[in-house]
Amino acid sequence: MKGIVCFLLLFSISSYAYTHKDIIRDYEAKKYKDVCLKSAYLYKKSERNEKILSIIGDACAKSDYINPLGYIVRRLVSTPQYRQNGSYFATLILQKKLIYQYMHDKINLKNLRLPRTDHVLSIVFENLVQKKFHIRDGKIIINNNGVEYRVWLGKEKLKVVYIFEYKDGKLVKRHGFL
């Protein structure tokens, strides 16, 4: 128990020491999960550096942590580029929510149109809207540009939507969205 408390204390102290320079360094090193998770205190507080918020948001999107984007979206307002970043993040939030709702409640997505992006959520959402999928073994199967996406609900209490990407029959990426 002492070990867990010490780890949490050290993690929280080290995350507060995570600077803008660290964020940029880790982002450039493609440590997207680290950037997203270690920067939580910045986007939940009143961080006003939109460049840093955009970097954090992109890192969160690339590491499938979509929920933090809600904190970031409302702060990206000063330039057309930052507003565009905010719209991209808002699109991912809505697509995630609608896919989740579709998987749970089978809502009709037919008349919905959202911006297209190259994010896995956009690809799956667009194929669900256009009904370009089939069902195999209880999973939604989408084939798009040589990649097969398998989408299903997990068995957890709060069911996670899983999206696995396969290329040439081999698993290349796993995603899980709650």
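Note that the structure is a prediction, hence the values are computed from the model and not measured. (Residues numbered from 1 in each chain as written. Predicted model: local features only at pLDDT ≥ 70, side-chain atom pairs only at ≥ 80, totals over all residues. Heavy atoms only, no water.)

As for the sheet that holds strand 2 (residues 139–144)
Step number 1: A sheet is described by the order of its strands in space; here 5 strands give the open sequence 1-2-3-4-5, paired in antiparallel fashion. Each edge of the open sheet carries a strand with a single partner, namely strand 1 (134–136) and strand 5 (170–177). Between one strand axis and the next, the sheet turns by 25° as a mean value, whatever way the strands run.
Step number 2: Here helix 7 (residues 80–105) sits on the sheet and contacts strand 2, strand 3 (147–153), strand 4 (161–167) and strand 5; the angle it forms with strand 3, its principal contact strand, is near 65°.
Step number 3: Contacts from helix 8 (residues 120–129) reach strand 2, strand 3, strand 4 and strand 5 within the one sheet, and its direction differs from that of strand 2 by about 105°. (Pairing = 2+ DSSP bridges. Helix = DSSP H or I, 4+ residues; strand = E, 2+ residues; numbered from the N terminus. Axes fitted to C-alpha atoms, helices over the stretch in contact; angles between N-to-C directions. Contact = heavy atoms within 4.5 Å.)

Some details on the packing of aromatic side chains
Step number 1: This structure, assessed with the given rule, holds 5 aromatic pairs.
Step number 2: Grouping aromatic residues by their ring pairs yields a cluster made of Trp152, Tyr162 and Phe164.
Step number 3: The residue whose ring lies beneath lysine 106 is tyrosine 102, and the NZ or CZ to ring-centre distance is 5.5 Å.
Step number 4: Above the plane of the ring of tyrosine 166 lies arginine 150, whose end atom (NZ or CZ) is 3.6 Å from the centre. (Phe/Tyr/Trp six-rings, centres within 6.5 Å; stacked < 30°, edge-to-face > 60°. Lys NZ or Arg CZ within 6 Å of the ring centre and 35° of its normal.)

Distances and angles like these do not, on their own, reveal function.
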